[in-house]
Amino acid sequence: MFEIPLPFVVALLLAILLVRLTLRGPAGPVGRSMRIFVAASLALVIMVGLRWQFDLLVFRFLRPLFAAMLPPIAWICFAALGSEERSQTRWRWLHIIPVLAIFIASLTWRKWHIQVDFLIAVEFAGYGIALMILASRGEDHFAQARLGDIGSVRGIVAVVGGALIFSGLVDGLIALDFSITQGTNVTTIVGYAQLVVLVVLALLMVRLERLSPQTTQLTDSVTEPALAQHKDDRKDNNDIAGDDAILAAIDEVMRTQHLYRDPDLTLDRLARRVVIPARQISGAINRRFGRNVSQVVNEYRVAEAQTLLQTTAKPVTEIMFDCGFQTKSNFNREFGRVTGMGPRAYRDADPSSDQLAPDQPFGPIRKLFLENAESRE
C-alpha cells in the first residue's frame, strides 16, 4: 500500500494554509509576516521530510539552516504588531547572526564537530523566552492589532513562545541522543515532536489572521516626523497636566469623530489621529484610570449604546454593531462591567435610575474632567 511520509502530509496542510493566507489574509506588514512565517514552516517541514526520508548529505546540511531561520521569522512576525516597527527596522539585520552561526557550524562540522542541534536548541529557547517577555509587555507593543483583540494576541504570542521553547528542548534531546546512542531515536523524536510544534505554530498564525485588522491602510495624514516631533515636545509625560492633555486629545477625536465606532480600531491608528505616540497614550490612560486603552475605548462604545438603548427601538444586536463591538460576548461583558447589568435589562430599567446614560454619551475621559471640575468647586 502506498504511504505518504508524515512530514509531507504536514507540508500539504501548511501549503493549504499558505494559499488561504495569500488569498484571504490581512494586508500590510502583519499579513506579510504571517505568510513568510507559514512559508518558512512549510520549507522546514519539507526539508525535515527529505532529510529523514533520503538521508543525503545536502539535506543534512540544509535542515539545520532552515530550522535556524524559523525563530527570527516568528519574532519579526509579532514585532510587526508594534507601533515602533519602522524605528526597529535598522536592527533587524542582527537576527541573521544566529543563522550565520549555525550555518558556519554546519559547514565546519567535520573539522570542529560542533553540536549543531544544541545551537538550534539554544536559539529556539532564546527566541521563545523573548516572545514570552513580549507577551507580557504593554499594549503599545501590539499597537497594530485591534484593541479588542490585544488580550487574545498576547495569549497567542505566549503560546508561540512556549512552543519554541519546547522545540528547543526537542533539539536538545536530539543532540543528547546523538552523543549517547549515535542518533538511534532521532527519527522518532523528529517525527512526533518537532512537526507537531510546527503545525501548532502555523494554526496559531491562522488564528491571528482572524484577530488582526483586514487592512493596515491609514487615512490619517499624520507623518512619522510629526509623531517624532510630538514625542520630543512631551518628554515629561508623567505629570498630571501632561496626562490630561493627552486624554483631552483622545476625548476630542472620540466625541467629534466617533473613532470608537470603528471595530478595527488599533492603538497605532488612534496614536496617529491624535499625533501622540502609542506608549504615551497607554501610559496616560493607565495612570489616570488604572485601566487599559481597550477598556476605555469600550466605555465610549458602551456610553453610546446606553443612549441608543434608551432613546431608540433598534435591536440590541444592531446597536452593538453601530457602537463598534463585533461579538455579543464582548459587548455583554463590557456592558456589564460598566453598568452592572445586561443591555436588555438596561433597556427595561426605570428611566429615572442613576445608572442610565445622560442625554449625550460623553465617555470616561469627559466624566473624569467633569468630576475634577466639581471637586474643585
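Calculation notes
- Residues numbered from 1 in each chain as written.
- Predicted model: local features only at pLDDT ≥ 70, side-chain atom pairs only at ≥ 80, totals over all residues.
- Heavy atoms only, no water.
- Helix = DSSP H or I, 4+ residues; strand = E, 2+ residues; numbered from the N terminus.
- Buried < 20%, exposed > 50% of the residue type's maximum accessible area, 1.4 Å probe, protein only.
- Contact = heavy atoms within 4.5 Å.
- Areas by Shrake-Rupley, 256 points an atom, 1.4 Å probe, with all protein chains shown as cover.
- Expected span 1.5 Å × (residues − 1).
- Arc of directions from axis to C-beta.
- Axes fitted to C-alpha atoms, helices over the stretch in contact; angles between N-to-C directions.
- Parallel < 35°, antiparallel > 145°, perpendicular 65-115°, else oblique.
- Nonpolar A, V, L, I, M, F, W, Y, C, P; charged D, E, K, R; others polar.
- Core = buried A, V, L, I, M, F, W, Y, C linked by side-chain atoms within 4.5 Å.
- pLDDT = per-residue confidence, 0-100.

Q: Can you tell me about the overall build of the protein chain, naming the residues and giving the values?
A: Helices and strands together make up the secondary structure of the protein chain, namely 18 helices and zero strands. In the protein chain, which comprises 377 residues, the share counted as buried stands at 47%. Restricting the contact set of the protein chain to residue pairs at least 6 apart, pairs at least 24 apart contribute 73%. Carbon and sulfur atoms provide 60% of the accessible area of the protein chain, an area that totals close to 18,800 Å².

Q: Report on helix α5 (residues 96-107), specifying residues and quantitative values.
A: Its twelve residues place the ends of α5 16 Å apart at the C-alpha level, agreeing with the 16 Å of an ideal helix rising 1.5 Å per residue. Among the residues making up α5, those that are buried are Val99, Ile102, Ala105 and Ser106. Buried residues in α5, looked at end-on, bunch into an arc of 125°, giving them a common side.

Q: Give me the packing of helix α3 (residues 57-79) against helix α7 (residues 116-135): which residues, what numbers.
A: At a minimum axis distance of 10 Å, the contact between α3 and α7 shows a crossing angle of 10°. Taken together, the axes of α3 and α7 lie roughly parallel to each other. Residues Arg63, Pro64, Ala67, Ala68, Leu70, Pro71, Pro72, Ala74, Trp75 and Phe78 of α3 form the contact with α7, whose participating residues are Val116, Asp117, Ile120, Glu123, Phe124, Tyr127, Ala130, Leu131 and Leu134. The class makeup of the residues in the contact of α3 with α7 is 16 nonpolar, no polar and three charged.

Q: Could you give an account of the nonpolar core, with specific residues and numbers?
A: Core analysis: the biggest nonpolar cluster contains 67 residues, and Met254, Leu270 and Ile281 have the highest contact counts within it. Aside from chain neighbours lying at most four places away, what touches Ile281 is Ile246, Ile250, Leu267, Leu270, Ala271, Val274, Ile276 and Val293. In terms of nonpolar packing, the next biggest core, distinct from the first, is built from 14 residues, Met320, Cys323, Phe331 and Tyr346 among them.

Q: If you had to explain the confidence of the model for the protein chain to someone new, which residues and values would you point to?
A: Within the protein chain, residue pLDDT values average 77, and 76% of them lie at 70 or more. Per-residue pLDDT, averaged within each element of the protein chain, yields its smallest value for helix α10 (residues 224-233) (44) and its largest for helix α15 (residues 316-322) (93). Throughout residues 212-238 the model reports pLDDT below 50, and contacts reaching past four residues in sequence, or to other chains, amount to 52 contacts.

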